[in-house]
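The lines below spell out each chain.
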Amino acid sequence: MLSVRDLRVRYGRSVAALHGVDLDVSADGVLAVLGSNGAGKSTLLRAVSGTLRMHRGTVAGGEIRYDDKRIDRLDPAEIVHLGVVGVPEGRQIFARMSVEENLRAGGIGARSAEQRTKARRRVHELFPVLAERGRQRAGLLSGGEQQMLAIGRALMSSPRLLLLDEPSLGLAPKVVERIGAIIREIHAQGTAVVLVEQNAVMALRVADHAVVLEVGTVALSGAARELARSEDVQRLYLGGH
Ligand code: ATP
């Protein structure tokens with residue numbers, strides 16, 4: 001579905017953030033992208049969603065293909081239109097707008113009114129709280145609910161591939177668990193998911209496959225279950241000794 005080959009990304013002249021990343025995303029499982037601070041996880045998602053330029057970054061080499069079409073030169077809106085939608089780190093919901101208005105904003109790119117209605121029904125079923133609190137200002141929601149809104153807003157354009165950047169950030173363990181279960185459900189409904197996380201415990205529980213980024217390259221990759229057992233991953237990311 002998505003293939004990334006020898007991807008190199010720079011910010012300005014001096015910062016090389018990715019030095020040749022290879023990655024494949026298929027529809028048959030959730031893919032987790034792990035790594036410590038500054039490893040390049042967000043940069044990878046920005047490159048795929050076309051939002052790198054907004055951060056003064058550029059693709060310096062390699063290519064990104066989605067359904068065999070090159071997308072590394074497309075605008076973010078064109079990439080959304082193809083069915084690839086990202087939820088950026090820090091949620092970035094419209095705090096002064098209502099919950100429903102946020103969802104509507106996510107549905108602007110939908111192909112038809114019918115598709116929009118279907119997507120809204122799906123979002124309300126996944127996140128009943130967003131239906132209950134539709135008229136409330138989004139900024140008044142709790143952190144977990146805001147994350148749900150950010151995911152719900154992305155689902156409004158019925159993506160085939162959802163890119164999540166640290167959805168667990170700043171949330172209580174119970175809420176993280178709930179978000180993890182929802183990610184599984186979204187995948188079970190037929191949407192492929194890439195899950196970028198610093199929370200390796202959560203990510204390896206939720207994902208089927210995983211890659212570990214270290215300073216801009218893929219250091220490890222494999223089945224999530226196996227990586228969870230690997231000594232390096234245990235020591236570096238799971239708090240083992
Ligand atoms: P985090 O978990 O902290 O978000 P990350 O793994 O997502 O980390 P990136 O944010 O992709 O890492 O950063 C990769 C490298 O690129 C880091 O060295 C970072 O300092 C640098 N970087 C990221 N964004 C920019 C930017 N807008 N301008 C310059 N350098 C940047």
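As shown above, the structure is provided for reference.
Residues numbered from 1 in each chain as written. Predicted model: local features only at pLDDT ≥ 70, side-chain atom pairs only at ≥ 80, totals over all residues. Heavy atoms only, no water.

Points about the packing of helix α3 (residues 99-106) against helix α6 (residues 143-155)
A pair of packed helices is captured by two measures, namely the crossing angle of their axes and the spacing between those axes. Running from amino to carboxyl end, α3 crosses α6 at an angle of 35 degrees, the nearest separation of the two axes being 7 Å. For the pair α3 and α6, the crossing hand works out as right-handed. Only L149, G152 and R153 of α6 make contact with α3, whose side of the interface consists of V99, N102, L103 and G106. Class assignment of the residues belonging to the contact of α3 with α6 gives a composition of three nonpolar, three polar and one charged. (Axes fitted to C-alpha atoms, helices over the stretch in contact; angles between N-to-C directions. Helix = DSSP H or I, 4+ residues; strand = E, 2+ residues; numbered from the N terminus. Left-handed = near helix turned anticlockwise from the far one by under 90°. Contact = heavy atoms within 4.5 Å. Nonpolar A, V, L, I, M, F, W, Y, C, P; charged D, E, K, R; others polar.)

With respect to the site of the ligand
Surveying the vicinity of the ligand reveals 16 residues, the closest of which are N37, G38, K41, S42 and T43. Burial of the ligand by the surrounding chains reaches 67%, relative to a free accessible area of 630 Å². Ranked by residue count, the leading element in the shell around the ligand is helix α1 (residues 41-49), at four residues. The class makeup of the residues in the shell around the ligand is four nonpolar, eight polar and four charged. (Near = heavy atom within 4 Å. Areas by Shrake-Rupley, 256 points an atom, 1.4 Å probe, with all protein chains shown as cover.)

Some points on α3
Burial in α3 covers these residues: V99, E100, N102, L103 and G106. In a view along the axis of α3, the buried residues occupy a sector of 160 degrees, so they form one face of it. Here the buried face of α3 lies against α4 (113-126), α5 (128-132) and α6. (Buried < 20%, exposed > 50% of the residue type's maximum accessible area, 1.4 Å probe, protein only. Arc of directions from axis to C-beta.)

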